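# Fold and geometry: a report
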Amino acid sequence: MDDSDRSTGFDTRAVTAGEKAMTSQGAFGDVVSPIHLASTYALDGIDPSLALEDVDPDAGEFLYSRLSNPTRRTLERQLAALEGGEHAMAFSSGTAAIAALGLSILEPGDRLVAFEDLYAGTKRMFTELFAGRFDVDVTFVDATDVDAVAAAVDDRTALVWLETPTNPLIRLCDIEAISALAHDHGALVGVDNTFLSPYFQRPLDLGADVVAHSTTKYVNGHSDAIGGAIVTDDASLADELALTQQITAGSMLSPFDSYLTLRGLKTLPLRMRQHERNAMELAEFLEAHPAVSEVYYPGLESHPQHDLATRQQSGYGGVLSFDLAGTQDDAITFLESLDEFALAVSLGGVESLIELPAAMTHEPLDPAQREAIGITDTLVRMSVGIEDVADLRADLEQGLELISTLESPADD
């Protein structure tokens with residue numbers, strides 16, 4: 001990453017980082033990176049001494065788009081600048097990015113210590129792929145408790161994997177403390193930063209070694225491109241990821257999705273500020289409503305980790321969850337009554353989305369697994385968009401009023 005990218009504010013880097021470095025490669029003075037759809041690039045001549053690793057995309061040298069592509073390279077430079085890292089690699093999805101990291105770090109017999117409260121797809125990857133097929137010792141712990149992590153990490157541990165905040169219960173990990181204890185055993189620390197984006201949290205600054213994103217979510221922000229990314233300061237790890245996963249395995253992000261993600265990044269600060277404002281107002285509204293038994297949002301003082309969120313984050317994000325007082329049928333009735341909130345998985349787009357984890361995103365977990373981590377049948381996860389918050393509140397209010405007036409079986 002160009003050192004000049006660190007001399008400006010976040011809002012400026014979101015607009016220009018990576019773009020200026022590529023200006024010399026364009027013939028028309030584009031103020032935004034164009035979509036370079038070419039699969040291959042013409043050479044001036046043949047140099048028998050040129051090896052694959054000698055091709056330098058930072059200097060405007062390209063050979064084949066699986067190896068590197070100008071649009072993707074611009075996105076990677078911008079992601080590195082925003083996360084405060086030296087190297088970034090863009091992948092075809094967030095899951096592909098996490099899989100690439102694990103395949104680059106873990107070997108049979110290694111231990112992977114991971115937060116027990118993970119996105120269901122990540123947890124399935126760790127158990128079925130890494131543990132089930134590659135003989136990795138996967139240990140899940142309550143990573144809200146630093147002592148629990150310390151008890152699980154040993155000298156066989158190659159990677160400690162965290163989500164903070166978690167999906168869907170919005171639990172936090174102390175990145176700084178866990179990174180320190182993991183490093184004492186020579187383990188790397190990876191953090192899935194999807195829920196907050198680099199605008200609200202930068203794990204590398206807190207001691208983590210690797211940051212992962214589903215760029216599908218806040219980084220892109222418009223629900224129209226699937227992608228993932230890894231950011232790190234570790235040059236050898238970056239080389240390994242680029243060579244074995246992007247180049248050899250071919251799990252890189254396409255030029256068109258790179259372009260869409262670049263476009264989304266330019267408004268990331270503006271969007272994140274509005275997501276947070278709306279989420280805070282709705283969290284306070286829901287916390288006071290009699291049809292809601294509990295709200296999970298770290299911006300609320302009632303959140304058990306509010307102080308940690310205030311210390312390690314620069315904001316609280318746009319995702320919150322809440323438990324409805326009632327049955328799963330009540331929760332389904334509530335969700336299906338909403339107009340402004342789309343009933344859909346995913347998060348981080350400009351539009352508000354809502355879902356029932358037990359029946360949607362976390363349905364792959366069996367009931368006992370969901371119960372163990374606190375996912376009830378009435379837990380609702382909400383990705384708060386950037387619409388007029390009065391409209392969002394009115395929509396929730398009518399849905400809650402509807403289920404509040406339903407006759408319960410006990411009244412028959």
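Above this text you will find the structure in question.
To start, this report covers the structure provided alongside it. Residue numbering note: each chain is counted from 1, following its sequence as written. Reporting of local features is limited, given that this is a predicted model, to residues whose pLDDT is at least 70; pairs of side-chain atoms are given and counted only at 80 or more, and all residues count toward the totals for whole chains, interfaces and linings. Excluding hydrogens and water, the side-chain values take into account all heavy atoms of the structure.

As a further point, take the overall build of the protein. Going along the chain from the N terminus, every DSSP run of H or I of four or more residues is numbered as a helix, and every run of E of two or more is numbered as a strand. Check the secondary structure of the protein and you find 15 helices and 12 strands. The C-alpha atoms of the protein give 22 Å as radius of gyration, which agrees with the globular expectation for 412 residues (22 Å, within 12%). Projected onto its principal axes, the C-alpha positions of the protein cover 85 × 50 × 35 Å. When accessible area is computed with a 1.4 Å probe and restricted to protein chains, residues below 20% of their type maximum are described as buried, those above 50% as exposed, and intermediate ones as partly exposed. Buried positions account for 54% of the 412 residues belonging to the protein. Contact between two residues is taken to exist if any of their heavy atoms lie within 4.5 Å; hydrogens are not considered. Across the protein, contacts joining residues at least 24 apart in sequence account for 74% of those joining residues at least 6 apart. Put simply, the radius of gyration uses C-alpha atoms, and a globule should come to 2.2 Å times the residue count raised to 0.38.

Our focus in this paragraph is the sheet that holds strand β12 (residues 379–383). The mixed open sheet is built from five strands, whose spatial order is β8-β9-β12-β11-β10. Unpaired on one side and paired on the other, β8 (292–296) and β10 (342–343) mark the two borders of the sheet. Should DSSP find at least two bridges between two strands, the strands are regarded as paired. Pairing between β10 and strand β11 (residues 353–355): two bridges, direction parallel. Bridge pairing in β11 links Leu 343 to Ile 354.

What follows concerns the sheet that holds strand β2 (residues 111–115). What the seven strands build is an open sheet, ordered β1-β7-β6-β5-β4-β2-β3; its pairing is mixed. With one partner strand each, in any of the chains shown, β1 (87–91) and β3 (137–141) form the two edges of the open sheet. The mean inter-strand angle of the sheet, taken between neighbouring strand axes irrespective of direction, is 20°. The sheet contact formed by strand β5 (residues 188–192) and strand β6 (residues 210–213) spans three bridges and is parallel. What sits directly across from Gly 190, in β6, is Val 210. Packed onto the sheet, helix α9 (residues 235–248) meets β1, β5, β6 and β7 (228–232) and runs at close to 20° relative to β1. In this analysis an axis means a line fitted to C-alpha atoms, helices contributing only their contacting stretch, and an angle means the value between N-to-C directions, from 0 to 180 degrees.

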